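Structural description and commentary
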Amino acid sequence: MTSLPGNENDLCTFLNWDSDFFGLRIGRLNDQRLDNVQMHAALNWCRENTIDCLFFMADAGDPATIRLAEEHGFRLCEVRLTYERDLSAWQPQPLPRQYGDVLIRQATVQDVPALQEIIKKAYTTTHYVTDPFFPEKKVEEFYATWIKNSIMEGFDDMVLVAEAQFEDSTPGEVIAFITARFIAEADGSQAAAGQRKSHIPLIGVKAGLRKKGVGMELIRAMFDWLVQNGACHTIGVCQAANPPVRRIIERLGFLSISAHLYYHKWFQP
């Protein structure tokens, strides 16, 4: 995701990958608090660059920004909560490893079809899903492409899977996944080992096999891998409309650091 060539703007960013995938021109407002001057500058940028849809993650603690967004036709699509966890004292275990009837290991290319089926139904409250102008099948394909690219093209730095032998699952069946990526420094470089920050973008468990502790154990396993690869800190996000995930990450020691209202503004009819 980079700025539109020839139209760099600190206020807005053109999202290449999203735009190419959906066949639309999609931009993102970078600031989380806006005044009238910034809002008009952003809208002018959209007109100059023929943007179809502009994403805006507004600070939920700033009523003036929220009123401004809604007065200019932004539609609320998601309430997003961000959590962080310090990993400096985490004592990692080796991977792969067994957890009850579940083997947690690194994903392989052979896992892609199973993971694509899981992820298609794993997300029901994200801003893409809740916006009716993004077709449901196309959104499912978006997440299916994300998990495939994470395994085959390094879109995320690591994908772990849970391979289960539950009585109500097929032996050796892949039933869950989690991804992680390292966060680059401001200059694009990576921090030294033991000081790297990270992000957990995706986690999903097959419908019908949830509430067995697999998701929580996958997060612990990802902590292991992150620490073994130099991370000292990680960030996770979830939707306010997803209490089960919120409970899991809070039990794992994540602390809430921010809340945002995720808006979309459409410019095409």
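One can find the structure itself at the top, above this paragraph.
What comes next concerns the included structure. (Residues numbered from 1 in each chain as written. Predicted model: local features only at pLDDT ≥ 70, side-chain atom pairs only at ≥ 80, totals over all residues. Heavy atoms only, no water.)

**Thoughts on the overall build of the protein**
Tallying secondary structure elements over the protein gives eight helices and 12 strands in all. Judged by the C-alpha coordinates and their principal axes, the protein covers about 55 × 40 × 35 Å. Nonlocal contacts in the protein, meaning residues at least 24 apart in sequence, comprise 74% of its contacts between residues at least 6 apart. On the protein, roughly 13200 Å² of surface is accessible, and the fraction owed to carbon and sulfur atoms is 51%. Of the charged side chains in the protein, 27 are positive and 34 negative; the average position of the first set lies 5 Å away from that of the second. (Helix = DSSP H or I, 4+ residues; strand = E, 2+ residues; numbered from the N terminus. Contact = heavy atoms within 4.5 Å. Areas by Shrake-Rupley, 256 points an atom, 1.4 Å probe, with all protein chains shown as cover. Lys, Arg positive; Asp, Glu negative; His and termini not counted. Charge placed at Lys NZ, Arg CZ, Asp CG, Glu CD.)

**Overview of the pairing of strand β7 (residues 158-164)**
The buried fraction of β7 is high, at seven of seven residues. Along β7, one buried face is formed by Met158, Leu160, Ala162 and Ala164 and the opposite face, lined by Val159, Val161 and Glu163, is buried too. Note: strand β6 (residues 102-106) against β7, five bridges, orientation antiparallel. Counted as the bridge partner of Ile104 is Ala162 from β7. In this sheet, strand β8 (residues 173-183) lies alongside β7 in antiparallel orientation, the contact comprising seven bridges. What sits directly across from Glu163, in β8, is Val174. (Buried < 20%, exposed > 50% of the residue type's maximum accessible area, 1.4 Å probe, protein only. Pairing = 2+ DSSP bridges.)

**Brief notes about the state of the cysteines**
The tally for this structure, following the rule as stated, stands at zero disulfides. For Cys53, which is in no disulfide, the shortest distance to another cysteine sulfur is to Cys77 and amounts to 7.5 Å. (Disulfide = S-S within 2.5 Å.)

**Quick notes on the nonpolar core**
Core analysis: the biggest nonpolar cluster contains 33 residues, and Leu160, Leu218, Met222 and Leu226 have the highest contact counts within it. Broken down by secondary-structure element, the contributors of at least two residues to this core are β4 (75-86), β6, β7, β8, α7 (214-228) and β11 (231-239). For this core, the leading source of residues is α7, giving 10 residues. Once residues lying within four places of it in the same chain are set aside, the contact partners of Leu218 are Ile104, Leu160, Val161, Ala162, Ala176, Phe177 and Ile178. If you look at the next biggest cluster of nonpolar residues, it comprises 29 residues, including Leu24, Tyr128, Val139 and Ala144. (Core = buried A, V, L, I, M, F, W, Y, C linked by side-chain atoms within 4.5 Å.)

**Quick look at the pattern of salt bridges**
Within the structure shown, the criterion is met by 13 salt bridges. Residues Glu78 and Arg80 are paired through a salt bridge, measuring 2.9 Å at the closest nitrogen-oxygen approach. Here Arg80 falls in the buried class, since its relative accessible area comes to 18%. Residues Arg97 and Asp224 are paired through a salt bridge, measuring 2.3 Å at the closest nitrogen-oxygen approach. Pair noted here: Arg97 is in strand β5 (residues 97-99) and Asp224 is in helix α7, with a separation of 127 residues, a long-range link. (Salt bridge = Lys/Arg side-chain N within 4 Å of Asp/Glu carboxyl O.)

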